Amino acid sequence: MEDGALVLFSGGQDSTTCLAWALERFPHVETLGFDYGQRHVVELECRAHLRAALTALDATWARRLGPDHTVDLAALGAISETALTRDSAIAFEANGLPNTFVPGRNLVFLTFAAALAYRRGLRHIVGGMCETDYSGYPDCRDDTIKALQVALNLGMERRFVLHTPLMWIDKAQTWALAQETGGKPLVDLIVEGTHTCYLGERGTRHDWGYGCGTCPACTLRAQGFSRFCETEDGDAASAP
């Protein structure tokens, strides 16, 4: 499975788009989720349904999708005083970063992913990190991911490749990537089945999916969906 991939799969919009992206490109794809005491742990409950629904969308994807793995990282949540791991209001800290930033989260995620990929014989690791539409998290930056790839390869004597297909695109383009990869059925699945809201709210259904509608994650998702729909409508209107 040297050409196989491991996708960091949370159950959110970005990771679901990345999973579909990987299923289009790699002959064998496995998924990995983390439980770190996040307030929106409901996202983990979406994962099994999303995996099953993706296999129903495309027979090739069904053949390529391999096992799912979950890792308990409760210790990360225990040492993190953040609005993602505590019942506190979302705000900006004195250093300019939002208090939803979980220090070291992506570094830990990718290190555990590489350790699992080492055992499973997988070379490619796919994550939904993005430097275009993000909240200023330093561990989402391209420089961070490239530096970590070097460190992982040195430390494990492997040639892992860290893929971040969303790194240079905004949320509207992420919706467009889903459309390009799996058509309207994939977009509909992401709207209905994924979870992004930081507060874990799934009671209210919006055009773009479920969420509180006001937290930073919901705002980004909603604005991106609106721009995506406007582009789609414009393309349809200009078609001969």
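For the chain, an unreviewed UniProt entry supplies the name 7-cyano-7-deazaguanine synthase and the organism Methylobacterium organophilum. For the chain, the Catalytic activity (unreviewed entry) comment in UniProt is given as "7-carboxy-7-carbaguanine + NH4(+) + 2 ATP = 7-cyano-7-carbaguanine + 2 AMP + 2 diphosphate + 2 H(+)".

Packing of helix 5 (residues 105–120) against helix 6 (residues 142–156) brings their axes to within 11 Å, and their N-to-C directions diverge by 40°. With respect to the hand of their crossing, helix 5 and helix 6 are arranged in right-handed fashion. Between helix 5, through Asn 106, Leu 107, Leu 110, Thr 111, Ala 114, Ala 115 and Tyr 118, and helix 6, the contact on the second element is made entirely by Thr 144, Ile 145, Leu 148, Leu 152 and Met 156. In terms of residue class, the contact of helix 5 with helix 6 is built from nine nonpolar, three polar and no charged.

Our next topic: the pairing of strand 1 (residues 5–8). Across the two faces of strand 1 the burial is the same, with Ala 5 and Val 7 and Leu 6 and Leu 8 all buried. Crossover strand 1 to strand 2 (residues 29–35) through helix 1 (residues 13–25) is right-handed. Judged from the three bridges that link them, strand 1 and strand 4 (residues 124–126) form a sheet pairing that is parallel. Among the inter-strand pairings, Ala 5 is bridged to a residue of strand 4, identified as His 124.

The sites that carry the UniProt feature "binding site: Zn(2+)" (unreviewed entry) are, in the present numbering, Cys 197, Cys 212, Cys 215 and Cys 218. Sequence-wise these annotated residues cover 22 residues; spatially they are packed, their C-alpha atoms never more than 6.8 Å apart.

Before going further, it helps to spend a moment on the packing of helix 1 against helix 7 (residues 171–193). For any two helices packed against each other, the geometry is given by the interaxial angle and the distance between the axes. Two numbers describe how helix 1 lies on helix 7: the axes approach to 10 Å, and their chain directions differ by 70°. The orientation of helix 1 relative to helix 7 falls into the category roughly perpendicular. Listed contacts from helix 7 to Gln 13, Asp 14, Thr 16, Thr 17, Ala 20, Trp 21 and Glu 24 of helix 1 are Lys 171, Thr 174, Trp 175, Leu 177, Ala 178, Thr 181, Leu 186 and Ile 190. For the contact of helix 1 with helix 7, the residue count by class is seven nonpolar, five polar and three charged.

Okay, the environment of Cys 229 next. Among the structural elements, Cys 229 can be located in helix 8 (residues 216–238). Considering only alpha carbons, one finds Cys 229 and Ala 176, 53 residues apart in sequence, at a separation of 9.2 Å.

Here Pro 216 shows up in helix 8. Between the C-alpha atoms of Pro 216 and Thr 196, which are 20 residues apart in sequence, the distance is 9.7 Å.

Analysis parameters
Residues numbered from 1 in each chain as written. Predicted model: local features only at pLDDT ≥ 70, side-chain atom pairs only at ≥ 80, totals over all residues. Heavy atoms only, no water. UniProt positions renumbered as here; feature names shortened; annotations may be inferred. Axes fitted to C-alpha atoms, helices over the stretch in contact; angles between N-to-C directions. Helix = DSSP H or I, 4+ residues; strand = E, 2+ residues; numbered from the N terminus. Left-handed = near helix turned anticlockwise from the far one by under 90°. Contact = heavy atoms within 4.5 Å. Nonpolar A, V, L, I, M, F, W, Y, C, P; charged D, E, K, R; others polar. Buried < 20%, exposed > 50% of the residue type's maximum accessible area, 1.4 Å probe, protein only. Right-handed = clockwise from strand over helix to strand, strands pointing away. Pairing = 2+ DSSP bridges. Parallel < 35°, antiparallel > 145°, perpendicular 65-115°, else oblique.

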